[in-house]
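Chains, contacts and geometry: an overview
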Amino acid sequence: MTDEVKEAAPVYEDLFDLPENVVGEIVDGELFASPRPAFRHARASTILGSRVGGPFDEGRGGPGGWWILIEPELHFGPNVMVPDLAGWRRQRMPSIPDVAWFDLAPDWVCEVISPSTGRLDRVKKMPAYARSGVAFLWLIDPIMKTLEIYELVESTWRVVATHGGGEIVRAVPFDAVELDLAALWID
């Protein structure tokens, strides 16, 4: 018999004890506290939200049919995750419920990669999103100026495309409109 004490898995209430300047998440039984986004990260997320939100959430210059939210809290079993952006097709979620978090997996998630969150986003959150049934995942790196697009195929992420720099792209699931990547980057 050993004297080791097994640490209890984190629970939702543990997130309340974190400082206000971090984003708390629980993924696969681990608690993660990430710093608030730096300017490059926040800018890429904000611009992308407006470029996707206008035509797809509001139907302004595009087909509509989506709810696009910035930093929604997602609960998938014991996992509590906060992506930078997420979107639900309105046919799956006809109205936004008046709740503090969502347990319905989004159809699309976007993570803006930073040096402090890149490993978490790729190693922990990507598999958790796949297990939860998120259909599309975008990874944006504002330092490398890249957009990686993934589609969930038979429970596995498949790379659809990788774009960078100042390309103008049509990126699934929002390929009905063009996206100018140059708008996301700060030179």
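Criteria and thresholds
- Residues numbered from 1 in each chain as written.
- Predicted model: local features only at pLDDT ≥ 70, side-chain atom pairs only at ≥ 80, totals over all residues.
- Heavy atoms only, no water.
- Helix = DSSP H or I, 4+ residues; strand = E, 2+ residues; numbered from the N terminus.
- Buried < 20%, exposed > 50% of the residue type's maximum accessible area, 1.4 Å probe, protein only.
- Polar contact = N/O pair within 3.5 Å; in protein donor to acceptor, adjacent residues only side chain to side chain.
- Pairing = 2+ DSSP bridges.
- Axes fitted to C-alpha atoms, helices over the stretch in contact; angles between N-to-C directions.
- Contact = heavy atoms within 4.5 Å.
- Expected span 1.5 Å × (residues − 1).
- Bend = angle between axes of the 7 residues up to and from the residue.
- Core = buried A, V, L, I, M, F, W, Y, C linked by side-chain atoms within 4.5 Å.

On the secondary structure map, Ser-114 appears in the loop between strand E7 (108-112) and helix H2 (118-132). Residue classification places Ser-114 among the buried positions, given a relative accessible area of 15%. Polar contacts involving the side chain of Ser-114 include one to the side chain of Thr-117, which spans 2.9 Å.

Spatial strand order, E3-E6-E7-E8-E9-E10: six strands in an open sheet with mixed pairing. In the strand order of this sheet, the two ends are held by strand E3 (66-70) and strand E10 (156-164), each with one partner. Neighbour-to-neighbour, the strand axes of the sheet open up by a mean angle of 15 degrees, direction not taken into account. Direction of pairing for E7 relative to strand E8 (residues 136-141): parallel, over a ladder of five bridges. Looking at E8, one finds that Val-112 is bridged to Ile-140. Each of E3, strand E6 (85-89), E7 and E8 touches helix H1 (residues 39-57); the most contacted strand, E3, lies at about 165 degrees to it. Sheet contacts for H2: E7, E8, strand E9 (146-153) and E10; angle to E7, the most-contacted strand, approximately 175 degrees.

This part takes up the pairing of E10. As defined by bridge partners, E9 adjoins E10 across eight bridges and the pair is classed as antiparallel. Counted as the bridge partner of Leu-152 is Trp-157 from E10. From the end of E9 to the start of E10, which pair antiparallel, there are two residues, and Glu-154 there has a positive phi angle of about 50 degrees.

Next up on the list: H2. Residues separated by three or four positions in an α-helix point in the same direction, a consequence of the helix having 3.6 residues per turn. In a regular helix each residue adds 1.5 Å, so 15 residues correspond to 21 Å; H2 covers 20 Å between its end C-alpha atoms and thus fits that length. Of all the bends in H2, the greatest reaches close to 40 degrees and is centred on Lys-125; the proline Pro-127 follows between one and four positions later. Taken residue by residue, H2 has Gly-118, Leu-120, Asp-121, Lys-125, Met-126, Ala-128, Tyr-129 and Ala-130 as its buried positions. Just downstream of H2, Gly-133 is the residue with a positive phi angle, here 90 degrees.

This part is about the nonpolar core. Leu-48, Trp-108, Trp-138 and Ile-140 are the most contacted members of the largest nonpolar core, which totals 26 residues. Breaking this core down by element, the ones donating at least two residues are H1, E3, E7, E8 and E9. Tallying contributions element by element places H1 first for this core, with five residues. In contact with Ile-140, not counting residues within four places along its chain, are Ala-44, Leu-48, Cys-110, Glu-111, Val-112, Ile-113, Thr-146, Leu-147, Leu-184 and Trp-185. Of all hydrophobic cores here, the second largest spans 24 residues; its members include Phe-32, Leu-69, Met-81 and Trp-157.

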